[in-house]
Amino acid sequence: MGSLDTSKDELTVLVTGFGPFKVQYPVNPAWEITASLPDYLPPDRAKDPARQTTLNLPPVRIVKEGPVRVNYEVTRELVPTLWDDPGRQIDYVIHIGMAGPQPIYSIERRGHRDGYDKPDVDGQLLGDEQRRRREGDKWIWHDVPAELLTDLDIENIYKRWVERSPDNIRLQLSEDAGHYLCDFIYFSSLAHLYKQQRSRKVIFFHVPLNPDEESLRRGKELALQLIRSICEIGLQKGPVS
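About the criteria used
- Residues take numbers from 1 onward in each chain, read along the sequence in its written order.
- Reporting in this predicted model follows two pLDDT cut-offs: at least 70 for local features of residues, and 80 or more for side-chain atom pairs to be given and counted; totals over whole chains, interfaces and linings ignore these cut-offs and use all residues.
- Remark: hydrogens and water are excluded; side-chain values derive from all non-hydrogen atoms of the structure.
- Secondary structure follows DSSP: runs of H or I at least 4 residues long count as helices, runs of E at least 2 residues long count as strands, and numbering of each begins at the N terminus.
- Three exposure classes are used, based on accessible area relative to the maximum for each residue type with a 1.4 Å probe and protein chains only: buried under 20%, partly exposed in between, and exposed over 50%.
- Throughout, a contact is declared for two residues whenever any of their heavy atoms are within 4.5 Å.
- Exposure was quantified through the Shrake-Rupley algorithm and a 1.4 Å probe, taking into account, for residues, occlusion by the shown protein chains and nothing else.
- Within this scheme the basic residues Lys and Arg register as positive and the acidic residues Asp and Glu register as negative, but His and the chain ends are omitted.
- Charge positions are represented by NZ for Lys, CZ for Arg, CG for Asp and CD for Glu.
- Only the contacting stretch of a helix is used when fitting its axis, a line to C-alpha atoms as for every element, and angles between N-to-C directions run 0 to 180 degrees.
- Orientation labels follow simple angle bins: below 35 degrees gives roughly parallel, above 145 gives roughly antiparallel, 65 to 115 gives roughly perpendicular, and whatever is left gives oblique.
- Crossing handedness is read from the near helix: turned anticlockwise from the far helix by less than a right angle, it gives a left-handed crossing, and turned clockwise, a right-handed one.
- The pairing criterion for strands is at least two bridges between them, as found by DSSP.
- Remark: nonpolar core denotes a set of buried residues (Ala, Val, Leu, Ile, Met, Phe, Trp, Tyr, Cys) joined through side-chain atoms within 4.5 Å.

(A) Representation of the overall build of the chain within the structure. The helix and strand tally for the chain stands at 6 helices and 8 strands. Each helix and strand of the chain, placed in order from N terminus to C terminus, yields the pattern β-α-β-α-β-β-β-α-β-α-β-α-β-α. For the C-alpha atoms alone, the extent of the chain along its principal axes is close to 55 × 40 × 30 Å. Taking all 241 residues of the chain together, 51% fall into the buried category. The long-range fraction of contacts in the chain, counting pairs at least 24 apart against all pairs at least 6 apart in sequence, stands at 84%. Carbon and sulfur atoms form 49% of the exposed surface of the chain, whose accessible area is close to 11600 Å². Within the chain, one finds 32 positive and 37 negative side-chain charges whose respective centroids are separated by 1 Å.

(B) Just the packing of helix α4 (residues 154-164) against helix α6 (residues 213-236), in detail. Put simply, α4 and α6 touch, their axes get as near as 9 Å, and they point 135 degrees apart. Taken together, the axes of α4 and α6 are oblique relative to one another. Viewed along their axes, α4 and α6 form a crossing whose handedness is right-handed. Where α4 approaches α6, its residues Asn156, Ile157, Arg160, Trp161 and Arg164 are matched on the opposing element by Leu222, Gln225, Leu226, Arg228, Ser229, Ile230, Glu232, Ile233 and Gln236.

(C) Quick look at the sheet that holds strand β2 (residues 60-68). Reading across from one edge, β2-β1-β3-β8-β4-β7 is the order of the 6 strands in this open sheet, with mixed pairing throughout. The outermost strands of the open sheet, each flanked by one partner alone, are β2 and β7 (170-174). Averaged over all neighbouring strand pairs, the angle between strand axes comes to 20 degrees, with direction disregarded. Docked against the sheet, α6 engages β1 (11-18), β2, β3 (92-98), β4 (104-108), β7 and β8 (202-207), running at close to 155 degrees with respect to β3.

(D) Molecular detail of the nonpolar core. Counting 66 residues, the largest nonpolar core has Ile94, Phe205 and Ile227 as its most contacted members. The element best represented in this core is α6, accounting for 10 residues. If we skip the residues at most four places from it in the chain, Phe205 touches Ile94, His95, Ile96, Gly97, Tyr105, Ser106, Ile107, Trp161, Gly219, Leu222, Ala223 and Leu226.

(E) Representation of the environment of Ser229. Relative to the helices and strands, Ser229 resides in helix α6. Take Ser229: its relative accessible area is 0%, and that puts it in the buried class. Taking the C-alpha atoms as reference points, Ser229 and Arg198, 31 residues apart in sequence, are found 21 Å from one another. For Ser229, the contacting residues outside a window of four places in its chain are Ile157, Arg160, Trp161 and Arg164.

(F) Representation of unusual backbone geometry in the model. In this model, Gly66 is joined to Pro67 through a cis peptide bond whose omega is 0 degrees. By the element assignment, Pro67 lies in strand β2. For His179, which is not glycine, the phi dihedral falls at a positive 55 degrees. With respect to the helices and strands, the residue His179 is situated in the loop between β7 and α5 (181-195). Not every positive phi belongs to a glycine, and Gln197 is a case in point at roughly 55 degrees.

(G) Structural detail: the packing of helix α2 (residues 72-84) against α5. Taken N-terminus to C-terminus, the directions of α2 and α5 make an angle of 40 degrees; their axes are 9 Å apart at the nearest point. In terms of orientation, α2 and α5 fall into the oblique class. For the element pair α2 and α5, the recorded crossing hand is right-handed. Residues Tyr72, Thr75, Arg76, Val79, Pro80, Trp83 and Asp84 of α2 form the contact with α5, whose own contacting residues are Leu181, Phe184, Ile185, Ser188, Ser189, His192 and Leu193.

(H) Seen up close, the environment of Pro43. Within the secondary structure layout, Pro43 lies in the loop between α1 (29-36) and β2. The class for Pro43 is exposed, based on a relative accessible area of 65%. Linking Pro43 and Asn56, residues 13 residues apart in sequence, is a C-alpha distance of 9.7 Å.

So far we have only geometry, and geometry alone does not tell us how the molecule works.
What follows is the structure, encoded as structure tokens:
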């Protein structure tokens, strides 16, 4: 196991969660989970000693942003403000969104530039194909690849996350974030950093749509273990920059 760089006094992880999704989903578990997170990552509470780590993280501050409206233009305008706020330094970003009813929790490897053909919560289409033809090289994602991957060591993050999580919960590493607002916010972050030639230290976390108390409790604990896994693996690989 690599050495842990603890030269930073504090790490900051920003977490976003989407708000209500249409009439049938007035409570979005993505935001409920995000809002329930503490301001700082708590001490390692893994009951099984085999799931604990001997690594000592610096304090990890958790900043919550949302609820994010399930709207393309709102999301597109929001993302740069998450990364470029001169008043705060963000080390990592986790976007959380709602998936289907299956009890599966996923982290996404890649985001997609194209294929957003479903209207948002306000009935608006993204319309980027028309915008791209009209604006040419001034289009926001001109010369950005059709797919972008996180620069985080997602394989080892996933492995650490699985090791830290209960055995009866289905966790997966996904290659398709769905070509809707979840995919869109993820690609927006990836593309923003790509254009600025910055390291893409962002990941997307998909949670089931169930908003019951037990599901939210489970989602919160998995989000905290994901944050811990990201920070541990990131610092093992060297100082955050």
